[in-house]
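# Commentary on secondary and tertiary structure
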Amino acid sequence: MSNSSSVASIPVATLGTPRIGPHRELKTALESFWSGKIDEAALVKTAAQLRADNWARQKARGVTVIPSNDFSFYDQVLDTSVMVGAIPAIYGWKGGPVSLATYFAMARGSQGDGEACEHGHAHQHHGHGAPAQEMTKWFDTNYHYMVPEFAKDQTFALSSTKPIDEYREAKVLGYQTRPVLLGPVTFLKLGKSELPDRMSLLPKLLPVYIDVLGRLAAEGADWVQIDEPCLVLDLDAAEKAALRAAYSEFALKVPGLRIMLATYFGALDDNAALAARLPVAGIHLDLVRGRAQAEAIIHLLPADSVLSLGVIDGRNVWRSDLPNVLERLEPILKQVGAHRIQLAPSCSLLHVPVDLDRETKLDADLKSWLAFSLQKMTELSTLGKALSGQRDVVKDELAASAAAAASRQSSPKVHNKAVADRVAALTADMANRRSAFAARAQVQRDRFKLPAFPTTTIGSFPQTSEVRKARAAFTKGTINQVEYDRFLREETRRAVAWQEEIGLDVLVHGEFERNDMVQYFGEQLSGFAFTQHAWVQSYGSRCVRPPILFGDVSRPKPMTVEWWTYAQSLTKRPMKGMLTGPVTILNWSFVRDDIPRSESCRQIALAIRDEVTDLEKAGATMIQIDEAALREGLPLRRSEWKAYLDWAVGSFRIAASGVADRTQIHTHMCYSEFNDIIDAIGAMDADVISIETSRSKMELLDAFVTYRYPNEIGPGVYDIHSPRVPDVSEMTELLLLARKRLTEDQLWINPDCGLKTRGWAEVRPALVNMVAAAREMRARA
């Protein structure tokens, strides 16, 4: 396209934006509400202000297709469950509008007396309120969603008008928005039910969606964005039929409303024809993860379909090479016409931080290579202007983008020959323990002489306000290193003494010196950078600041040995060395996109291997290498799984295999459906694995039974993501379920996950009950 040509202004959309606010205002408001410091009215007022500010920021950055209903108090999938009345009976909802109390009970659980569920629901009261719904990862991201639950006699009814309310709210402020809904087929597919076919619920569900769409149309909405990311997955015949049925019904019942069908996180591939033939007005494509799919689908679309092109990465923080993007876009524009094009990020900007401008301490070169949510909006606006014949207007922006790309490609800050050479020198033996598990297990039993059902925790203890204040004071310089270390040592000493007092068998030091399980290590490894304010939402009020992996990785010096040595000096019991595994460090970082992820992972694995061997030399007998995020990096298409699992498992083994047989290697995994990757879990060859199972009532252990998992395993016996304190009988009941699936000498007893986010008032009674449950199990043995 020549600079002199001119076309109509090309619409720019965001698909969704971060909800938390630039200063994590949502987190503050939620936690203040939960603790009783503010009332519901104040929480609602804060939410309204966050939405208004979000709409204003988008307009100011040149976004012309602004979403509404992309805000949530906790999670958009939970919002959908509430909208359609998919609320398990355990929460006591009797119909009508759903209260915030019920909403948050579904998200976080509730403490208090309750009645047994008459429908035989999987949750159980035990006289202590309702546990939260199961939570798991949103596709292959680090965002968590609340898993919908459908009863055998499930009915649906419009129980929240949030999409309509927020559309109306924006309209009053002068914004004509495009409301966002989670699609009905993706919603059903993400849920869990005793029904053999969740898609059989679609005829009951569609009237609620049609009601919502009709109300939006009546309010003046001309477009609605319906997200169906399931279209990038392997779909069965029933799911494909459900998609055809749903969108045919929408077209029939709400004919005047145009639907933008949003797909993301991958390419449509074999679902391209299906998606192209659905009776919708437009389709969004992720052209970052499915780079070539536009060309494949254009000829399948009706002549009047709008094509939303997701060309800016909505999941990573790297600045785009805009001239390069323009080269890709111009042939598409010529082929389909500017009037049929929208520009957008690959997916919602929920997954990236809010504003790069707040980062005042980043290396200048690195900062020039980055773009956060607001900067990505500007990039889209720049592309829109360039494609609309205004290249001269944005020539400086395009030149700066190209210069940044060239700088990053050639920077010595990124490339380290010694690291590349070490990866190239890896051998197969470096990924293998010296003996098979059976031989190691006997050596370890003789060494540790632990009781049946040994008890431990996953690693972290509560990061209290005192701990956070001390860290902040040290960061600000109001206390020095000696004073800070003295404080941390005292916290560690108390934690170790308390663990001994209640009778835990294997101890941890509590990790009071650590800000985050990935950040702590990344700050001590070369190739990583850290931000001040680049927070992203993980779930609810839980926000994280992922490290930015920008270059080759190595370990300049030991990272954890000193703190482990101090903690072990306080007790005769085994003190686990606590590390984060290479796959989790990779998957929970914003990773570089200039080399394969597998190469970065092997670099990290070698760095962690150095730490493992140093811990062993220092006397550590048990070392836990957490791979909480192993499964979340699994590709969405089954055909791509093996390649990922081969290098991911191989990286873990590189990190773990440099120790003697008598050294026990533990690992921990979060929120994982293990059935389909159990072979890979076995191939990790950890001596002990702990997993989150309490919300699933030990159902996740079925995979370990069918596979005949030979190693030892600690299924979580209570949900640490809820403030509930389960009693001894509840934990014992879960352990009895586990005992039906696994042998006595395989079972360890531990919480679901680390306890960093909980308070001591919850942790103390919960762990006391856990130790009592272990004693009960020993008495029954």
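About the thresholds
- Residues numbered from 1 in each chain as written.
- Predicted model: local features only at pLDDT ≥ 70, side-chain atom pairs only at ≥ 80, totals over all residues.
- Heavy atoms only, no water.
- UniProt positions renumbered as here; feature names shortened; annotations may be inferred.
- Pairing = 2+ DSSP bridges.
- Helix = DSSP H or I, 4+ residues; strand = E, 2+ residues; numbered from the N terminus.
- Axes fitted to C-alpha atoms, helices over the stretch in contact; angles between N-to-C directions.
- Polar contact = N/O pair within 3.5 Å; in protein donor to acceptor, adjacent residues only side chain to side chain.
- Contact = heavy atoms within 4.5 Å.
- Buried < 20%, exposed > 50% of the residue type's maximum accessible area, 1.4 Å probe, protein only.
- Right-handed = clockwise from strand over helix to strand, strands pointing away.
- Core = buried A, V, L, I, M, F, W, Y, C linked by side-chain atoms within 4.5 Å.
- Domains from an automatic or database assignment.
- Salt bridge = Lys/Arg side-chain N within 4 Å of Asp/Glu carboxyl O.
- Phe/Tyr/Trp six-rings, centres within 6.5 Å; stacked < 30°, edge-to-face > 60°.
- Buried area = accessible area lost by both parts, 1.4 Å probe.
- Parallel < 35°, antiparallel > 145°, perpendicular 65-115°, else oblique.
- Left-handed = near helix turned anticlockwise from the far one by under 90°.
- Nonpolar A, V, L, I, M, F, W, Y, C, P; charged D, E, K, R; others polar.
- 1 Å grid on protein atoms, 1.4 Å probe; cavity = no way out; pocket = protein on both sides within 12 Å on 5 of 7 lines; lining within 4 Å.
- Points joined across faces, edges and corners; volume = space filled by probe spheres on them.

You'll find the chain entered in an unreviewed UniProt entry as 5-methyltetrahydropteroyltriglutamate--homocysteine methyltransferase, with Afipia clevelandensis ATCC 49720 given as the organism. Recorded in UniProt under Pathway (unreviewed entry), the annotation for the chain is "Amino-acid biosynthesis; L-methionine biosynthesis via de novo pathway; L-methionine from L-homocysteine (MetE route): step 1/1." Looking at the chain in UniProt, the text filed under Catalytic activity (unreviewed entry) is "5-methyltetrahydropteroyltri-L-glutamate + L-homocysteine = tetrahydropteroyltri-L-glutamate + L-methionine".

Turning our eyes to something else, we now look at the sheet that holds strand β19 (residues 688–691). What the five strands build is an open sheet, ordered β16-β17-β18-β19-β20; its pairing is parallel. The sheet is open, and its two borders are formed by β16 (577–580) and β20 (712–715), each paired with just one other strand. Ignoring strand direction, the axes of neighbouring strands in this sheet form an average angle of 20°. Pairing of β16 with strand β17 (residues 622–626) involves four bridges; the strand directions are parallel. By the bridge assignment, Thr-580 is partnered in β17 with Asp-626.

A few words now on the environment of His-299. Summarising the element assignment, His-299 is placed in the loop between α10 (293–298) and β10 (306–312). Distance from His-299 to Gln-335, taken between C-alpha atoms, is 9.7 Å for residues 36 residues apart in sequence. Among the polar contacts listed, one links the side chain of His-299 to the backbone oxygen of Ala-296, at a separation of 3.2 Å.

Position of Leu-235 relative to the elements: it lies in the loop between β7 (223–227) and α8 (237–253). Each C-alpha atom, one on Leu-235 and one on Asn-271, is 8.0 Å from the other, the two residues being 36 residues apart in sequence. Excluding residues within four positions of it along the chain, Leu-235 makes contact with Lys-189, Cys-230, Lys-240, Leu-243, Asn-271 and Leu-274.

Our next topic: the pairing of β17. Note on strand geometry: in a regular strand, side chains alternate between the two faces of the sheet. Counted residue by residue, β17 has five buried out of five residues, so it is predominantly covered. Of the two faces of β17, the one lined by Met-622, Gln-624 and Asp-626 and the one lined by Ile-623 and Ile-625 are each fully buried. For β17 and strand β18 (residues 664–669), the ladder comprises three bridges, and the chain directions are parallel. Counterpart to Gln-624 in the pairing with β18 is His-666. The parallel pair β17 and β18 is bridged by helix α23 (residues 641–656), and the resulting crossover is right-handed.

Here the focus is the nonpolar core. Counting 100 residues, the largest nonpolar core has Trp-138, Phe-187 and Tyr-247 as its most contacted members. Counting contributing residues, this core receives three or more from each of domain 1 (7–64 + 264–411) and domain 2 (67–102 + 148–257). With 97 residues, the next largest nonpolar core counts Tyr-520, Val-591, Leu-634 and Val-659 among its residues.

A separate point is the UniProt feature "active site" (unreviewed entry) in the chain. Annotation from UniProt places "active site" (unreviewed entry) at His-721. Turning to its location among the elements, His-721 is positioned in the loop between β20 and α26 (728–741).

Attention now moves to the pattern of salt bridges. Tallying each qualifying case throughout the model produces 43 salt bridges. The residue Lys-137 makes a salt bridge to Glu-632 at a minimum N-O spacing of 2.2 Å. Taken together, the positions of Lys-137 in strand β2 (residues 135–137) and Glu-632 in the loop between β17 and α23 put the pair 495 residues apart, joining distant regions of the chain. A residue is classified by how much of its surface remains accessible, and Glu-632, at 7% relative accessible area, is buried. The shortest N-O distance in the salt bridge between Asp-646 and Lys-642 comes to 2.7 Å.

Tallied over the entire structure, the rule returns 22 aromatic pairs. Ring centres 5.6 Å apart and planes at 50° place the aromatic pair Phe-139 and Phe-265 in the tilted group. With Phe-139 in the loop between β2 and β3 (144–146) and Phe-265 in the loop between β8 (258–262) and α9 (272–276), this pair connects stretches of sequence that are 126 residues apart. Neither Phe-139 nor Phe-265 differs from the other in exposure class; each is buried. For the pair Tyr-247 and Phe-250, a centre-to-centre distance of 5.2 Å together with 85° between the ring planes defines the contact as edge-to-face. Here Tyr-247 pairs with Phe-250, and both are found in helix α8, just three residues apart, close to one helical turn.

Right, let's talk about the domain arrangement of the chain for a bit. According to the domain assignment, the chain consists of domain 1 (7–64 + 264–411), domain 2 (67–102 + 148–257) and domain 3 (453–463 + 500–780). Each of domain 1 and domain 2 has a C-alpha centre, and the two are 24 Å apart. Listed per partner, the contact involves 38 residues of domain 1 and 32 residues of domain 2. Both sides together, the interface formed by domain 1 and domain 2 hides about 2900 Å², and carbon and sulfur atoms give 64% of it.

A word on the packing of helix α2 (residues 40–60) against helix α5 (residues 162–172). Contact geometry of α2 with α5 gives a least axis separation of 11 Å together with a crossing angle of 60°. One finds that α2 runs oblique with respect to α5. As α2 runs across α5, the sense of the crossing is right-handed. Touching Ala-48, Arg-51 and Trp-55 of α2 are Glu-166, Glu-169 and Ala-170, all from α5. Among the residues forming the contact of α2 with α5, the class breakdown is three nonpolar, no polar and three charged.

Empty space among the atoms becomes visible once a probe the size of a water molecule is rolled across them. One pass over the full model with this rule turns up 11 cavities of 30 Å³ or more. Here the largest cavity defines a volume of roughly 550 Å³. When its volume is computed, the second largest cavity comes out at roughly 320 Å³. Together, 25 residues line the second largest cavity, and Arg-19, Asn-69, Gln-76, Val-180 and Asp-227 are the ones closest to its centre. Contributing elements (two or more residues each) for the lining of the second largest cavity: α3 (76–84), α5 and β5 (178–182). Tallying contributions element by element places α3 first for the lining of the second largest cavity, with four residues. Of the residues that constitute the lining of the second largest cavity, the class distribution is 12 nonpolar, eight polar and five charged. Each of two domains, domain 1 (7–64 + 264–411) and domain 2 (67–102 + 148–257), supplies a minimum of three residues to the lining of the second largest cavity.

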